[in-house]
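What follows is the residue order along each chain.
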Amino acid sequence: MALGVTSERRHDAQEASFAPDTHRPWHAHSRAYCLAAVGFMGIFLFGYDTGLGGGVIALPSFAKDFHISGSKTHIAQLQGNIVAILQGGAFFGAIGGAPLEDYLGRKWSLMVGCWIFILGAILQVVASSSLGLVYGGRFVAGFGVGLMSMVCPTYASEIAPKEIRGRITGMFQVVVVIGVAFSYWINYGVTFMNPDRGAIQWRIPIGFQLVPVGFMVMLLPILKESPRWLATKHKDELALKNLAWIRKLPASDPAVQFEFAEIIAAIREEEAATSGASWREIGAKGNPIRFVIAFVIFTLQQWSGQNSISYYAPSIFQSIGLKGAKTGLLASGVYGIVKIVATSLFIIFGVDRFGRKKPLLTGIALMSLFLWIVGAIFNTHLPNPNATTVAPASIGMAVCIYLFVIPYCFSVGPLPWVICSEIFNNRTRHFGLMTAAATQWAWNFGVTKATPLMVIKMPKGGIFFFFAAINMISFTLAFLFLPETSGTSLEAMDIIFGAVTKEEREAEIAKRAAMMEKAFDDEEKGVTSHHEIHDHDQRAEIKA
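The name an unreviewed UniProt entry assigns to the protein is Sugar transporter, from the organism Kwoniella pini CBS 10737. The heading Catalytic activity (unreviewed entry) in the UniProt record of the protein holds the text "myo-inositol(out) + H(+)(out) = myo-inositol(in) + H(+)(in)". Database annotation for the protein, UniProt heading Sequence similarities (unreviewed entry): "Belongs to the major facilitator superfamily. Sugar transporter (TC 2.A.1.1) family."

So this is what it looks like as structure tokens:
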């Protein structure tokens, strides 16, 4: 996709939308924020489990109860199995989520994901002595997390106004890093417990998963179903009602009317092009490139180095010279707080101001730079396993890892989810987010299985050099092929990717808007006629 063509199409896409840029105050969108927040409680579980596995494995009570011992390679393989089995379940959950949410809708698909996760969490809590139940519980919980990981961003993007869509869909990553930080600090907190208390030390962090999912189950019934999903099912009256409620405007307001007209126009175009069979639209004009972007962007995200550090933060910090499980967990906790602050600041103030592409390119470049530095220091100042104090070089590497995560938080962390939430059309969005989430979980599985062995087999900073090189590839591909999507309505993405022309879309929107205006006029005339008849009857009664 040539850069000049993309820029021209983006300009056409922004002009083709009849819905005005209202730029209303933040409280005018409070309902959209609240609905997204409830949906994203499932993503807290995504983040929490990201840090949970590696931290629980580091607890002596867990190693004792489940007989984790032997050579470094054997222990590394067990760690990889325990952490990665959740990603395997999440992969299948993400794939199963697309047909489920197409059939049930976004709201009730999230409810199904919650109950599957609850079953998996209970299996993990009751496990004892045998890793079999831990494996089974993590796989089932992973299935629920995977399902929610593709439904949540779909729902958030579909209810968000275009002017704050980046902020709302970017909440995904904010909630993820909050979940990660919770797992780090809970794991760190239980290290202060008396070891004689045994299994309770590792059951507390695992059992805590039931708290957020419990709140989510209680709050989900109040969610409004996605207007765009309702429109694809031809429930236009309810779709318009929900859209007006979310926007905190009457259904007759021009902003709501034109936005709804644009939604209906896009959906009817898509149906006409593929005889109403949504799965066939994957190969329709302008759609394959969107699926390629989803696959590539999440492949490169997972191999950026961040997930390896997140999952095995305690082990990584120990490997660069920060001694002791407790010290590693403390360093991981600080790392989690850095991620929360950096991600939140970008999502609140930056993502809708600076767009998608420029922050992504800047962040990837800085990530690669810091990884080269960490690898170089590691290569020239190998940590001494017998040292009694932390060496200055180890402190320097820890600082660079903290600095590495800051650009991650305004680029590779949140932006792939933001981009993939908005590039697909209404009838393929569930397939698109399925592709994104399944790719994320598949590579997540591979990265978590590979990282413990990569730490051992790629000494002297090799693992950091590897991830730094991957980020250089990411920068090149993003610069050459990724379009800017900020400030454009979801329906106008069809113009950016060449599915329709600006003129075709404008004509269809004008047609739908005129039909809606006529329907409202007829309704108002009907009400007026009713009042006139009523008034005439009253006058007749008075005269009599």
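K.L.:
Any chance you could break down the overall build of the protein for me, citing the residues and the numbers?
P.N.:
Summing up its helical and strand segments, the protein has 25 helices and 0 strands in all. Split into buried and exposed, the 544 residues of the protein put 57% on the buried side. Sequence separation of at least 24 residues holds for 85% of the intrachain contacts in the protein that already meet a minimum separation of 6. Carbon together with sulfur atoms contributes 68% to the accessible area of the protein, which is approximately 21,600 Å² in total.

K.L.:
Account for helix H8 (residues 165-190), naming residues and giving values.
P.N.:
With 26 residues, H8 should reach 38 Å at 1.5 Å per residue; the first-to-last C-alpha distance of 39 Å fits that figure. For H8, the principal kink sits at Met-171 and spans about 30°. For H8, the tally of buried residues reaches 21 of 26 residues, placing the bulk of the element in the interior.

K.L.:
Go over the nonpolar core, please, and point to the residues and values.
P.N.:
Counting residues in hydrophobic clusters, the biggest one holds 124 residues, and the most contacted among them are Phe-40 and Phe-62. It is helix H7 (residues 131-159) that provides the largest number of residues to this core, a total of 12 residues. Among the domains, domain 1 (30-223) and domain 3 (280-492) are the pair contributing at least three residues each to this core. Not counting chain neighbours up to four residues away, the residues in contact with Phe-40 comprise Cys-152, Pro-153, Ala-156, Ile-168, Thr-169, Met-171, Phe-172 and Val-175. Of all hydrophobic cores here, the second largest spans 17 residues; its members include Leu-230, Ile-263, Ile-264 and Ala-265.

K.L.:
Outline the packing of aromatic side chains, supporting the account with residue identities and numerical values.
P.N.:
The full count for this structure, using the stated rule, is 25 aromatic pairs. Taken together, a centroid distance of 6.1 Å and an interplanar angle of 50° make the contact between Phe-346 and Phe-410 tilted. Note that Phe-346 is positioned in helix H17 (residues 325-349) and Phe-410 in the loop between helix H20 (392-409) and helix H21 (415-422), a separation of 64 residues in sequence. Accessibility assignment for this pair places Phe-346 and Phe-410 in one class, buried. In this structure an aromatic cluster arises from ring pairing among Phe-40, Phe-46, Phe-172, Phe-298, Trp-417 and Trp-441. Just above the ring of Trp-245 sits the side chain of Arg-31; from NZ or CZ to the centre is 4.5 Å.

K.L.:
Hey, could you go over the pattern of salt bridges for me, with residue numbers and the actual values?
P.N.:
Under the defined criterion, the tally for this structure stands at 17 salt bridges. Salt-bridge contacts for Arg-268 lead to Asp-236; the nearest nitrogen and oxygen are separated by 3.2 Å. On the criterion of sequence distance, the pair formed by Arg-268 in helix H13 (residues 254-274) and Asp-236 in helix H12 (residues 236-247) is long-range, its members being 32 residues apart. We classify Asp-236 as partly exposed; its relative accessible area is 27%. Between Glu-271 and Arg-268 there is a salt bridge, with its nearest N and O atoms 3.6 Å apart. Placement of the pair is Glu-271 and Arg-268 together in helix H13, with a separation of 3 residues, close to one helical turn. An identical accessibility class is assigned to Glu-271 and Arg-268; each is buried. Through salt bridges with shared partners, a single network forms among Glu-101, Arg-106, Glu-158 and Arg-429.

Parameters at a glance
Residues numbered from 1 in each chain as written. Predicted model: local features only at pLDDT ≥ 70, side-chain atom pairs only at ≥ 80, totals over all residues. Heavy atoms only, no water. UniProt positions renumbered as here; feature names shortened; annotations may be inferred. Helix = DSSP H or I, 4+ residues; strand = E, 2+ residues; numbered from the N terminus. Buried < 20%, exposed > 50% of the residue type's maximum accessible area, 1.4 Å probe, protein only. Contact = heavy atoms within 4.5 Å. Areas by Shrake-Rupley, 256 points an atom, 1.4 Å probe, with all protein chains shown as cover. Expected span 1.5 Å × (residues − 1). Bend = angle between axes of the 7 residues up to and from the residue. Core = buried A, V, L, I, M, F, W, Y, C linked by side-chain atoms within 4.5 Å. Domains from an automatic or database assignment. Phe/Tyr/Trp six-rings, centres within 6.5 Å; stacked < 30°, edge-to-face > 60°. Lys NZ or Arg CZ within 6 Å of the ring centre and 35° of its normal. Salt bridge = Lys/Arg side-chain N within 4 Å of Asp/Glu carboxyl O.

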